[in-house]
Amino acid sequence: MTPVCPFAKARPDDASPRKPGENSNKYLAECPFSKARSDDAASRKAVENSAKPQAEHDGDKAKSDSMDSASIPPKCPFGYDAQSFKIGPLSCMICQALLFECSKCTPCSHVYCKACISRFKDCPLCGADIEKIEADTTLQDVVDRFIEGHARIKRSHTNSDKEEDEAGENKKVIYEDVSMERGAFLVQQAMRAFRAQNVESAKSRLSLCAEDIRDQIERMGNTSELCSQLGAVLGMLGDCCRAMGDADAAVAYFADSVEFLMKLPMDDLEIIHTLSVSLNKIGDLKYYGGDLQAARSYYVRSLNVRRDAVKRHSNVPSQVLDVAVSLAKVADVDRSIGNEDVAVDGFQEAIKRLESLTLKPEEAGLEQRRLSVLEFLNNQLSEKPPESTPKV
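Residues numbered from 1 in each chain as written. Predicted model: local features only at pLDDT ≥ 70, side-chain atom pairs only at ≥ 80, totals over all residues. Heavy atoms only, no water.

**What about the overall build of the chain?**
Step number 1: Secondary structure assignment for the chain yields 16 helices and five strands.
Step number 2: Going through the 392 residues of the chain one by one, you find that 42% of them count as buried.
Step number 3: Of the contacts formed within the chain by residues at least 6 apart in sequence, a portion of 61% connects residues at least 24 apart.
Step number 4: Total accessible area computed for the chain in this model is approximately 21200 Å², and 49% of it derives from carbon and sulfur atoms. (Helix = DSSP H or I, 4+ residues; strand = E, 2+ residues; numbered from the N terminus. Buried < 20%, exposed > 50% of the residue type's maximum accessible area, 1.4 Å probe, protein only. Contact = heavy atoms within 4.5 Å. Areas by Shrake-Rupley, 256 points an atom, 1.4 Å probe, with all protein chains shown as cover.)

**A few points about the packing of helix α10 (residues 224-243) against helix α12 (residues 269-288)**
Step number 1: Where α10 contacts α12, the axes come no closer than 11 Å and their chain directions differ by 30°. The orientation of α10 with respect to α12, classified from their angle, is roughly parallel. In this structure, the crossing between α10 and α12 has a hand that is left-handed. When α10 is examined against α12, the residues Ser228, Asp239 and Arg242 are found in contact with a partner set consisting of Ile271, Lys281, Asp284 and Leu285. (Axes fitted to C-alpha atoms, helices over the stretch in contact; angles between N-to-C directions. Parallel < 35°, antiparallel > 145°, perpendicular 65-115°, else oblique. Left-handed = near helix turned anticlockwise from the far one by under 90°.)

**Regarding the packing of helix α15 (residues 340-355) against helix α16 (residues 364-382)**
Step number 1: Interhelical geometry of α15 versus α16 gives an angle of 150° and a closest axis separation of 10 Å. Put simply, α15 runs roughly antiparallel to α16. Between α15 and α16 the crossing geometry is left-handed. Residues Val344, Phe347, Gln348, Ala350, Ile351, Leu354 and Glu355 of α15 pack against Arg370, Val373, Leu374, Leu377, Asn378, Gln380 and Leu381 of α16.
Step number 2: The residue inventory of the contact of α15 with α16, partitioned by class, reads nine nonpolar, three polar and two charged. (Nonpolar A, V, L, I, M, F, W, Y, C, P; charged D, E, K, R; others polar.)

**Points about the environment of isoleucine 271**
Step number 1: Here isoleucine 271 lies in helix α12.
Step number 2: Residues isoleucine 271 and leucine 261, 10 residues apart in the sequence, show an inter-C-alpha distance of 6.9 Å.
Step number 3: Each residue touching isoleucine 271, except ones within four places of it in the same chain, is listed here: Ser228, Leu261, Leu264 and Met266.

**Thoughts on the packing of aromatic side chains**
Step number 1: Evaluated as defined, the whole model comprises two aromatic pairs.
Step number 2: Where phenylalanine 146 meets phenylalanine 185, the ring centres are 6.0 Å apart and the plane angle is 75°; that geometry is what we call edge-to-face. Note that phenylalanine 146 is positioned in helix α6 (residues 137-149) and phenylalanine 185 in helix α8 (residues 182-195), a separation of 39 residues in sequence. For the pair formed by phenylalanine 146 and phenylalanine 185, the shared burial category is buried.
Step number 3: With 5.7 Å between their ring centres and 85° between their planes, tyrosine 287 and tyrosine 288 make a pair best called edge-to-face.
Step number 4: Its relative accessible area of 69% is what places tyrosine 288 among the exposed residues. (Phe/Tyr/Trp six-rings, centres within 6.5 Å; stacked < 30°, edge-to-face > 60°.)

**Points about the environment of arginine 119**
Step number 1: Within the secondary structure, arginine 119 sits in the loop between α5 (114-117) and β3 (132-135).
Step number 2: Residue classification places arginine 119 among the partly exposed residues on the basis of a relative accessible area of 43%.
Step number 3: Those residues in contact with arginine 119 that lie beyond four places of it in its chain are Ile94, Ala196 and Gln197.
Step number 4: Within the structure, the side chain of arginine 119 is placed 3.3 Å from the backbone oxygen of alanine 115, a separation counted as a polar contact.
Step number 5: Here alanine 196 takes part through its backbone oxygen, which lies 3.2 Å from a polar atom of the side chain of arginine 119. (Polar contact = N/O pair within 3.5 Å; in protein donor to acceptor, adjacent residues only side chain to side chain.)

Right under this line is the structure:
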């Protein structure tokens, strides 16, 4: 499965197409943790000061100098940046995420994540035969301290050592980010690890992110932004557990995701999509676990969420496609439990919706998806239903 940033607009899943012409990297780039930075504050201050009389400008100079440290956007000294993809000295060169369970190769001493290097017999960097792999707890401690301190750099309001000495411990301090907010940083690292199949690393970073958001909710309450973030992160944790084969834990995370997303107003397509995807994923796990009635229940809940979305956003083609997919899921379960007539009605309704959907020439991606789903539905109708056991 391909993980996608839960904070990106229109988070895609296996049941929903992307908008045509969109770069797939878009889904990895946008994140509500990241705050849009304005133009450099120092440049803006210079423009404002140039418009003042010289006397006033001179009077403000001392005050301006004292704020210089706050006017420059902070940068991470290790090169971890929100706007560009960089590999820092604490990164694994295989998964490109921060090291997790650091392991050193013998004899070359190159270090990787344990899960990453365990798949190799030769060192990916130098090609030396790997005779033994040893845990590097010292470097892992450095990585853990870096993560703990990231986005929590202490900066004093004072501008001189003398003032700091006079202020002592009672001086007010502020916390500023290094390169991006902690939540976005953790999600970025988790996504890199997940893509490289280092699921344990991804789960660890996402768990830290979820803990941070829960702490904020305790202080600030169930705001829409925090509930949205937590719901999406919990959904990603569910994906990690599903990839690890832990279906029960995956269901629990997806259920928690649904709980927080249900607290939000259903007027945001991103929230609607994420909620319906989480419901469908629970349904999938129940389906593969053999609990068809429970699977149908979750599929129907997802279908209802998407039907309501279509009523409010009837001009959004992707919502129609989502409804058709949900109809197919419910109909498939109906057929499996012996409700063939109901299943046929569901398949036919989905086909009708897709056939009536008119797409623009520039929506080639949606058209391809529409045709694919339509082909699946027609194949389902042409299949002979399984013979049911006659009732006694």
